[in-house]
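Spelled out, the chains give:
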Amino acid sequence: MRERAGQVPERLDAATIASDYPTRDWIAAGWRISVAFSDGVTRRLDLLAGRHFPTTPVRTALVDHPEAMTWPHVESDGVLCLLPNTAEWDPDHPSAVALGLLHRSITLIEELLEGGIIERDFREEFVTYWGYKAHSEGKTLFSLIAPTPPSRLVRVWRSKGLEVIGEDQESLAAWVYHRFGDKTPVNTEAAAFLWLDTPPLPADYPETAADLHRMAERIGEDAKTALEEVAGHEPDEVLTLLGAIGRGGAALIGVKAPNPKRRKSRPCAPDEPLSAGFRPRHTPHPLLQRRFFGALAVVRTQVQRADAEWVHGRGQDPRTRRLLGATVVIVGCGSVGAPVACALVQAGVGRTVLVDPETLGWPNVGRHPLGAADVGRNKAEALAERLRTDYPHLTVEHRSYSLHQMIATEGDLLAAADLIVAATGNWVAESTLNRWHVAQGREKPVLYGWTEAHACAGHAVAIGGEDGCLQCHIGRTGAPDLTVIAWPEGGDARLEEPACGAHYQPYGPVELAYVTAMIADAAMDCLLDPPARSFSRVSVASPRRIAALGGQLTEGWLSAFGEVEEGGRTVDRSWPSVSCTACKPERIDESA
């Protein structure tokens, strides 16, 4: 390193490190070099190694740095921000890594000296630099609003240690009820959202309430009106969110302007309202605004986005809006349907209706998203409650009855749903759904999902478009035309509990995850690109696992798809119409 740097680096002692970097307790060692820059000034750069060096890269710092927030990427103690959180480096060649970072540091400083990147980077990464000047990290300030123009009035709900900003009373109340239960009081106040066409520079960050008001005036009449209307209610503080487009998309920052109630001329004087000298709500508007937006310091705060587009894709996933507008009905909330429901809700489906008449039992717990706390509860109800709590910006409903009752009482909901997922494991129920679907004209898809024994194979059959129904390739007793696994020695797997007729298939959540992920993937395909023709998707476990359980691939499967030497696989296959008795009821064999 000495040869390549062109000088012998000065080793920093512990006292120098502690003095120059008092807040950096991770620094274990450091070296200093001098670099002559294009402006004719020689500046010192430090290479700083952490306690876990070389498994973590060195950091660099500009010792002779300007005042904080003069240059972007230069922190208050001179440490330079160069590597993103996804950066990779070679821990076996620490000197090469250090020299590479040193070179990047010199290049950055030269660009800063030229000045061309200063304003651009401060604006594009405004949330980061706002954070350096913020008084609050905003860890309990959540925003549900869409960070898009125009400037407008919004609402804020406050609870102990929590503030949540929403577009309106109704949406905010729904979020609170989903998150905390319908007995939680939802009293909201007005707040302001101001949209900035250009993110602010550090010099523009408001210091006082008057600064905030001037910022609103510069933005435009709608911003000024919204801010003043909030102040007109004389709240304890005016909460204002500022939104703008940065490098990674829309982002939010926050400002709180406290109500200047106390007159400082008399330290022990009681609080005096802004309406002092006038009847409440009758203070002349100009006077009220002057009193509120004066020289009192504001609180700059960071904001945690909790809106749907941020939660589901950080505002960058083009699928999010389509999913948020979708309605999915999931019939069967057992070990297959429940994980699929969780995946679709987590993906951002706007409305999910869960249907299941059964309660959760102890044998279900080992392979179900719900656990001991919900044993004895209806599966659909308990799962819906869990998902509403975890994703309060979405709508998750339940119906604690059978598919037959659903068809009889809420056929309109089923018909309007963008997708129905059937995972009942019950041929009587699913053949009924299939015939209902045929009668509806199959305008929207129904997806059927099930597993074979030991979850060694899983099936997803999407019925949609003009091609085929479920029964085209499943016999009238529920036996599919094509199965994947055969169990030649009777190890098929249908075991029986010590009770009459209580059969089950043994498998656990790990192997089941492959099947439910495949079904959820097929569901996403149906939602985002509804199929013009029915299709089947099949997930098959690895040959090693199938053989270990005593199974083997069926002849029908081998002739259609062959075999693989190792690893699982997923294949798509067509599901063409054969004009079965469900598709063409007039062809029923009356002698059957």
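Rules used throughout
Residues numbered from 1 in each chain as written. Predicted model: local features only at pLDDT ≥ 70, side-chain atom pairs only at ≥ 80, totals over all residues. Heavy atoms only, no water. Helix = DSSP H or I, 4+ residues; strand = E, 2+ residues; numbered from the N terminus. Phe/Tyr/Trp six-rings, centres within 6.5 Å; stacked < 30°, edge-to-face > 60°. Buried < 20%, exposed > 50% of the residue type's maximum accessible area, 1.4 Å probe, protein only. Pairing = 2+ DSSP bridges. Contact = heavy atoms within 4.5 Å. Axes fitted to C-alpha atoms, helices over the stretch in contact; angles between N-to-C directions. 1 Å grid on protein atoms, 1.4 Å probe; cavity = no way out; pocket = protein on both sides within 12 Å on 5 of 7 lines; lining within 4 Å. Points joined across faces, edges and corners; volume = space filled by probe spheres on them. Nonpolar A, V, L, I, M, F, W, Y, C, P; charged D, E, K, R; others polar.

### Notes on unusual backbone geometry
Part 1 of the reasoning: In this structure, Pro54 follows Phe53 across a cis peptide bond, with omega equal to 10 degrees.
Part 2 of the reasoning: Its location among the elements puts Pro54 in the loop between strand S3 (42-50) and strand S4 (59-62).
Part 3 of the reasoning: With an omega dihedral of 10 degrees, the bond running from Pro149 to Pro150 counts as a cis peptide bond.
Part 4 of the reasoning: Tracing the sequence through the fold places Pro150 in the loop between strand S5 (141-143) and strand S6 (152-159).
Part 5 of the reasoning: Phi at Glu234 is positive, roughly 55 degrees, even though this residue is not glycine.
Part 6 of the reasoning: Here Glu234 shows up in the loop between helix H8 (221-232) and strand S9 (237-246).

### So, the packing of aromatic side chains
Part 1 of the reasoning: Applying the stated criterion to the full structure yields eight aromatic pairs.
Part 2 of the reasoning: Summarising the aromatic geometry, the rings of Phe122 and Tyr129 are spaced 4.9 Å apart at their centres and angled 80 degrees between planes, so their arrangement reads as edge-to-face. This pair shows no difference in class: Phe122 is buried, exactly as Tyr129 is.
Part 3 of the reasoning: Note on Trp175 and Phe180: the rings are 6.3 Å apart at their centroids and 65 degrees apart in plane angle, and the pair reads as edge-to-face.
Part 4 of the reasoning: Each member of the aromatic cluster is reached from another via a ring pair, and the members are Phe122, Tyr129 and Tyr132.

### Things to note about the sheet that holds S3
Part 1 of the reasoning: With antiparallel pairing, four strands are arranged side by side in an open sheet as S1-S2-S3-S4. The sheet is open, and its two borders are formed by strand S1 (10-11) and S4, each paired with just one other strand.
Part 2 of the reasoning: The pairing of S1 with strand S2 (residues 27-36) spans two bridges and is antiparallel. By the bridge assignment for S2, Glu10 is matched with Arg32.
Part 3 of the reasoning: Sheet strands in contact with helix H3 (residues 94-114) are S2, S3 and S4, and its direction is about 140 degrees off that of S3.

### Considerations on the sheet that holds strand S11 (residues 299-302)
Part 1 of the reasoning: Here we have eight strands laid out as an open sheet, ordered S11-S10-S9-S8-S6-S7-S5-S12, and mixed in their pairing. Across the chains shown, the open sheet's two edge strands, defined by having one partner strand only, are S11 and strand S12 (304-305).
Part 2 of the reasoning: Pairing between S6 and strand S7 (residues 162-166): five bridges, direction antiparallel. Residue pairing across strands places Val156 opposite Ile165, the latter belonging to S7.

### Points about empty space enclosed by the protein
Part 1 of the reasoning: Scanning the model with the defined rule gives two cavities of 30 Å³ or more in all.
Part 2 of the reasoning: Taken as a whole, the largest cavity encloses approximately 40 Å³ of empty space.
Part 3 of the reasoning: Looking at the largest cavity, the residues that line it are Trp450, His459, Val461, His473, Pro480, Leu482, Ser536, Arg573 and Trp575.
Part 4 of the reasoning: Classifying every residue of the lining of the largest cavity gives five nonpolar, three polar and one charged.
Part 5 of the reasoning: Put simply, the second largest cavity is a space of about 30 Å³.
Part 6 of the reasoning: Lining the second largest cavity, in full, are Phe53, Pro54, Thr56, Pro57, Trp89, Asp90, Pro91, Pro94 and Val97.
Part 7 of the reasoning: Grouping the constituent residues of the lining of the second largest cavity by class yields seven nonpolar, one polar and one charged.

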